[in-house]
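Chain by chain, the residues:
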Amino acid sequence: MRPFDYTRAHAPADAVGAEARIIAGGTNLLDLMKLQVETPDRLIDINHVGLDRVERDGDGLRIGALVRNSDLAADPAVREGWPLLSKAILAGASAQIRNRATTGGNLMQRTRCYYFYDIDAPCNKREPGSGCGAIGGNNRQHAILGASDHCIATYPGDMAVAMSALDAVIEVEGPAGKREIRAADFHRLPGDTPQRDNELQSGEMILSVRLPAPLGGRQIYRKVRDRRSYAFALVSVAAVVVMEAGRMATARLAFGGVAHKPWRVPAAESLLTGQPPSPELFDRAADAVLAGARGQGHNDFKIPLLRRTLGAVLAEATQESK
Amino acid sequence: MSDPITVSLFHRMNFRDEENLLDRTVQGVISTPMDRPEGPLKVSGTATYADEDHPPGTVYGWLVRATITKGWVVGLNSRALRRMPGVLAVIRDERMIRNPAQGGDAKSPYQGPAEVFYKGQPIALVVAETFEQARDAATAAQAEYLDRSHKAVIVPAEAEYETPRGEQSSQGDLDRAMQEAAFSVDVEYTTPSMSHASMEPHAAVAWWQDGRLTVRGSYQMLNTNAQELADALGVSPKKVRILSQYVGGGFGSKLGISHEAVGAAIAAQKLGRPVAVALHRRQVFETTHRRSESRQRVRLACDAEGRMTAVGHEVWVSNLPGESFSEPVTQSTPFTWAGENRLIGHHIGRLNLNGAGSMRAPGEAIGVPVTEAAMDELAEAAGIDPVEFRLRNIPEVDPSSGKPFSNNRLAECIRRGAEKFGWADRPKQPGSRREGEWLIGMGMSAIIRVNMMGPSTARVTLNPDGTALVETDMTDIGTGSYSILTQIAAEMLGLPPEKVTTMLGDSDLPPSIGSGGSRGAASSGTSVMLAAKALRKKIAERMDCDPDDLTLKDGTAIAGNRQRSLSDLLAGDTLEGTGTIKPGLAEMHHRQASWGAEFCEVAVSSVTGEVHVRRLSGVFAAGRILNAKTARSQCLGGMIFGIGQALHEKVETDARDGNFVNRDLAEYHVPANLDVPHIDIELLMDDRDAYANPMRAKGIGELATCGTAAAIVSAIANATGHRFRHFPVTLDKVLEKLG
Ligand SMILES: Cc1cc2nc3c(=O)[nH]c(=O)nc-3n(C[C@H](O)[C@H](O)[C@H](O)COP(=O)(O)OP(=O)(O)OC[C@H]3O[C@@H](n4cnc5c(N)ncnc54)[C@H](O)[C@@H]3O)c2cc1C
Ligand code: SF4
């Protein structure tokens, strides 16, 4: 670990615009600092700024950036109105990590690409211009959608996939003031600047996440992985489906583990909306989701896996209640 | 206080044990599920592991990794590193080692930090005042290389294989038997490189005093470890003391001394200060031994009645150039199943990957799952239930050597296991049982592990107050050595276990074989038994009776109608007994093994290919069970190990440069709690093996993992109708077949 300065913020204003790296739960940042994947000179600790409550916001909710993952998943209002979010969080990490991890930190967590973690390996995300170790290397975890010749990493998290499907909005504040970013637009595609994971600008801080009114319907988060817990998603499917008179009145989908961001495809959702469910239709939705999908060798299986998992999730979400 | 009265007993295991003494003692603590005496220390965090106790003035070392795969280090930016904050030394010493010693080597492994044989090999040690400074400086190290990485051999398919003559054997005519058989299978399986992933990473704290070195480290075999370290340093073994009071798991990765011990000892010598070197998890993965990957061809044949006529098992494994260890994959193949025509083939290739060494049940752990999965294939081909098929093929004597078995409870384990598990309910037709999207199947495996013993000595002291002290350099790597050695002494001396203290993990104590190869309990346990037996003789003298007529219970000696308390009998004297056991002819004349059978039910998702183990059950025979709880725990751990082997574990190697890419516990997957179902375990408590040792106990630490993965893949085959011959069975492989 490199020596660094440490200061503690007592209010969000202390951290906004500070020339320092924010540390919240530390479950991701500290690991990366020990490996010198990240080498900030200054840390600002935001654990004492408040922003640690889940509050009503009209019909929706406002979740403070410092709300711990465990608390958020267990929150009665969340479980009642946005069960998808609770399920997605509980599908991630371990109980110990969730106790420590925060809402803001979870959104900001970095990729788990092997080569990103290995400072002796080339990686354009860690060291722009050094090359991509994963292309032509071990890329079982990597992206099948939206990747570039510079980076094929995935955003590894679960919570943000649910937030994306739920049309959550991320509230941030920077030196120039406050602004809002849709969860679905928060993470970026790698393009030729893979060092930038998301749209947060330097000096900006996440204050909270706003959930719009509950959608109701069936909410399913299915995470497919190499072991039953404590593993990142190979493919995850978040779905909210509201049925009316045998048709899908609302269909929201988001996918994790397949791209540099939670993957949402409005075209697939509109294909489903207003239609009665059928395996053929689900397959057409999968076609829309997988348009342009490309495997990297070790991860080719994710393409059929996504299709099959989506089909099963939609079948479950639309089946007549027993 | 007067000098202790010393007695000793030496026993070489040449013949059957006729005495069965532990069935005649009456204290009633042997075999009970006694709690671990050191348990409270461990769960309260007060048991100090290697790196948790530093002498005053300790400084810290961090190893520098090679970033090439093959070549030479010709320079290092040492001067720049020495100028970094806190840095005390940058050490490149000819005595540094390339890879850890193999278990029992008793001499230094290959030395010299200049030539690089694999990516990640330690090439220097940076020592600084603080741990963080050492790590920062080591991370800033930049070596100059003569890079020959393009000549490195990384992929087994590209390796040249040696075929050591002594490791091939054949009898009858396998090819002909295969041709003439009513049913046969000729299949190839592969198993990946795996890593031990013990909880406690390797660590050593070294200091020199008056020319003598002490190392607090995490090791399994202290007697040979001290010799290995002494040889590496070029000093007499008497000048080296190793302390490993608590070891947070080893699974074979701590059988030999490793980089941290040699590095810390050299640095402590140079600096005249205690030096601590702990391996980071990533270093543990890439610099200590792996289990070799394997390619295995199995040929099996039987006649129309399902009687086996042929067993062929050929294997290809790997190691670093020059390493003698070669995973003994076929170890139990010669004697498990009947058949007149047999062939064993063993081939070793040289790869530029971190060294291969022993990992829990070297040999059977990956050999039995493959031969047993092939047995399931042959049973299916012959149209015979796999349980019935195995029962028809248990040989009367070792079919390769003609030697009798010391005992063979395999049939009983299989029958009992089948009944408990409800094997009769197994779907007869593969792929025929379904619950929603889940395909349900059942599978089983015979479980086999050879039994071994090693020379061991222990001292048992009976104090005037009637308490006893057990001392040996045996280690407890989480297995339960403290428990069983306490129980054996208590049982033999007729003492409640609270009156017995067991001291382990100090190479200055009488030498044992250590923990490895499932020999520890039987070997060091017998040495404790013999030491106590020597004391019993002395007590009998004082009771004026024949040792056979002596009964010891609750601190009282009883002979006929006479009865005296031990403290009374000792009259202020201290009795010190030393016991030594050595292997002998018994293991040459009789084939010895521990036995078991495991049964498994899986559910396979027809959507995603995920495999869930729903039930796992095992029945085991390992001679006398010394502690029912720790024995069960060993079986639990072994079976969970097997789940990992079947479904999760794999060293991911970058084929371009041999980099071990998934070298952390987030990405090197061992089973998580949710992957482990309820596991049912039964131990045959009445089993005794008179040829094994005077306790009639056999190895159990590795047994349960030797076949679990076969039960699981056979269950997957029963569920899906497809065979999976490449471990681990990850969902992508299942998906490919499900279509
Ligand atoms: C072994 C392991 C397994 C895991 N498995 C999963 C999994 O299956 N699914 C999953 O989703 N996650 C998983 N995680 C990741 C875990 O969810 C994240 O580590 C955690 O959510 C990060 O939160 P934190 O508060 O600890 O962040 P920190 O480590 O404190 O910070 C992470 C990053 O966020 C930035 N940051 C933090 N708060 C703010 C803020 N308010 N505004 C702006 N920037 C901020 C920091 O500067 C830093 O760059 C796993 C982690 C580990 C170690
Ligand atoms: S995929 Fe991205 S994160 Fe991984 S090595 Fe390539 S550039 Fe780096």
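Keep in mind that this is a model prediction, so the values were computed, not measured.

The next point concerns the overall build of chain B. When helices and strands are tallied, chain B shows 18 helices and 29 strands. Rg of the C-alpha trace for chain B: 27 Å, near the compact-globule value of 27 Å for 739 residues, within the 12% margin. The principal-axis extent of the C-alpha atoms belonging to chain B is close to 80 × 80 × 50 Å. Counting every position in chain B, which comprises 739 residues, the buried fraction comes to 63%.

Now for the site of ligand 1. The immediate surroundings of ligand 1 are formed by 33 residues, with Ile22, Gly26, Thr27, Thr102 and Asp158 of chain A found nearest. Chains contributing residues near ligand 1 are chains A and B. Separating an oxygen atom of ligand 1 from a side-chain N or O atom of Thr27 of chain A is a distance of 2.7 Å. Relative to its unbound accessible area of 980 Å², ligand 1 is 96% covered by the protein chains. Within the residue set of the shell around ligand 1, elements represented by two or more residues are strand 2 (21–23), helix 7 (103–108) and strand 8 (205–211) of chain A. The biggest single contributor to the shell around ligand 1 is helix 7 of chain A, with four residues. When grouped by side-chain class, the residues that make up the shell around ligand 1 number 17 nonpolar, 12 polar and four charged. When residues of the shell around ligand 1 are assigned to domains, at least three fall in each of domain 1 (5–45) and domain 2 (218–316) of chain A.

Okay, the interface of chain B and chain A next. Tallying the contact residues gives 40 residues for chain B and 36 residues for chain A. Both faces combined, the contact of chain B with chain A buries some 3200 Å², and carbon together with sulfur accounts for 49% of it. Where chain B packs against chain A, one counts seven salt bridges. For Arg222 of chain A, the salt bridge identified is with Glu437 of chain B, shortest N-O distance 2.8 Å. Along the contact surface separating chain B from chain A lie 22 residue pairs in polar contact (both at pLDDT 80 or more). Mapped by element, the contributors of at least two residues to the side of chain B that touches chain A are helix 3 (131–139) and helix 18 (731–738) of chain B. Among the residues forming the side of chain B that touches chain A, the class breakdown is 12 nonpolar, 14 polar and 14 charged.

In this section: the pairing of strand 14 (residues 275–278) of chain B. All names here are of chain B. Alternating positions in strand 14 separate into two faces, Val275 and Val277 on one and Ala276 and Ala278 on the other, with burial throughout. Pairing of strand 2 (residues 59–65) with strand 14 involves three bridges; the strand directions are parallel. By the bridge assignment for strand 14, Tyr60 is matched with Ala276. Pairing analysis gives four bridges linking strand 11 (residues 203–209) to strand 14, with the strands arranged antiparallel. Within strand 14, the residue paired with Ala206 across the bridge is Val275.

All names here are of chain B. Here the domain parsing of chain B yields domain 1 (5–30 + 453–588), domain 2 (50–151 + 197–288) and domain 3 (291–451 + 592–738). Between domain 1 and domain 2, the C-alpha centre-to-centre distance is 38 Å. With 18 residues of domain 1 at the interface, the matching set in domain 2 holds 19 residues. Contact between domain 1 and domain 2 buries roughly 1200 Å² in total, counting both sides, with carbon and sulfur atoms accounting for 47%. In terms of surface lost to domain 2, no three residues of domain 1 exceed Ile477, Ser507 and Asp508, which account for 35% of the buried area on that side. Counting across the interface, domain 1 meets domain 2 through three salt bridges.

Core analysis: the biggest nonpolar cluster contains 79 residues, and Leu300, Met308, Val602, Phe620, Leu647, Ile712 and Ile716 of chain B have the highest contact counts within it. With nine residues, helix 9 (residues 364–382) of chain B is the single largest residue contributor to this core. Setting aside residues up to four positions removed in sequence, Leu300 of chain B forms contacts with Met178, Phe183, Ser184, Val185, Met308, Ala310, Val311, Thr371, Ala374, Met375 and Leu378 of chain B. Residues Leu61, Ala65, Leu66 and Leu72 of chain A belong to the second largest nonpolar core, which totals 48 residues.

This paragraph deals with the side chain of His142 of chain A. All names here are of chain A. With respect to the secondary-structure elements, His142 resides in the loop between helix 8 (114–117) and helix 9 (159–165). Among the residues examined, His142 registers a relative accessible area of 2% and is labelled buried. In this structure His142 touches Cys113, Ala134, Ile152, Ala153, Thr154, Gly257, Asn299 and Lys302, once residues within four positions along its chain are discounted.

A few words now on the sheet that holds strand 5 (residues 60–64) of chain A. Residues and elements named next belong to chain A. The sheet built from five strands is open, its strands ordered 4-5-8-6-7 with antiparallel pairing. Each having just a single partner strand, strand 4 (54–57) and strand 7 (177–182) make up the two edges of the open sheet. Direction aside, neighbouring strands of the sheet carry axes that sit 25° apart on average. Relative to strand 8, strand 6 (residues 169–174) runs antiparallel, the two sharing five bridges. Counterpart to Ile170 in the pairing with strand 8 is Val209.

Here the focus is the confidence of the model for chain B. Summary statistics for chain B give a mean pLDDT of 97 and a share of 100% for residues scoring 70 or more. Two numbers describe this predicted complex: its pTM, 0.97, and its ipTM, 0.97.

As a further point, take unusual backbone geometry. All names here are of chain B. Cis geometry is found at the peptide bond from Phe727 to Pro728, where omega equals -10°. Along the polypeptide, Pro728 turns up in the loop between helix 17 (708–720) and helix 18. At Asn20, a residue that is not glycine, the phi angle is positive and equals roughly 50°. With respect to the secondary-structure elements, Asn20 resides in the loop between strand 1 (5–13) and helix 1 (39–43).

All names here are of chain B. In space, the three strands of this open sheet follow the order 23-24-25, with antiparallel pairing throughout. In this open sheet, the two edge strands, each paired with only one partner strand, are strand 23 (550–553) and strand 25 (562–565). Within this sheet the neighbouring strands show an average axis-to-axis angle of 20°, counted without direction. Inspection of the sheet shows strand 23 paired to strand 24 (residues 556–559) by four bridges, in the antiparallel sense. Across the sheet, residue Leu550 finds its bridge partner in strand 24, namely Ala559.

The next thing to look at is the pattern of salt bridges. Within the structure shown, the criterion is met by 86 salt bridges over all chains. The closest approach of N and O atoms between Arg390 of chain B and Glu372 of chain B, which form a salt bridge, is 2.6 Å. Separated by 18 residues along the polypeptide, Arg390 of chain B in helix 10 (residues 386–391) and Glu372 of chain B in helix 9 bring together distant segments of the chain. An identical accessibility class is assigned to Arg390 of chain B and Glu372 of chain B; each is buried. Between Lys420 of chain B and Glu682 of chain B there is a salt bridge; the shortest N-O distance is 3.0 Å. Here the residue Lys420 of chain B occupies a position in helix 11 (residues 410–421), and Glu682 of chain B occupies one in strand 29 (residues 679–683), the gap between them amounting to 262 residues. Connected via shared salt-bridge partners are Asp167, Arg182, Asp185, Arg252, Arg264 and Glu269 of chain A.

Thresholds applied
- Residues numbered from 1 in each chain as written.
- Chains lettered and ligands numbered in written order.
- Predicted model: local features only at pLDDT ≥ 70, side-chain atom pairs only at ≥ 80, totals over all residues.
- Heavy atoms only, no water.
- Helix = DSSP H or I, 4+ residues; strand = E, 2+ residues; numbered from the N terminus.
- Rg over C-alpha atoms; globule rule 2.2 N^0.38 Å.
- Buried < 20%, exposed > 50% of the residue type's maximum accessible area, 1.4 Å probe, protein only.
- Near = heavy atom within 4 Å.
- Polar contact = N/O pair within 3.5 Å; in protein donor to acceptor, adjacent residues only side chain to side chain.
- Areas by Shrake-Rupley, 256 points an atom, 1.4 Å probe, with all protein chains shown as cover.
- Nonpolar A, V, L, I, M, F, W, Y, C, P; charged D, E, K, R; others polar.
- Domains from an automatic or database assignment.
- Contact = heavy atoms within 4.5 Å.
- Buried area = accessible area lost by both parts, 1.4 Å probe.
- Salt bridge = Lys/Arg side-chain N within 4 Å of Asp/Glu carboxyl O.
- Pairing = 2+ DSSP bridges.
- Core = buried A, V, L, I, M, F, W, Y, C linked by side-chain atoms within 4.5 Å.
- Axes fitted to C-alpha atoms, helices over the stretch in contact; angles between N-to-C directions.
- pLDDT = per-residue confidence, 0-100.

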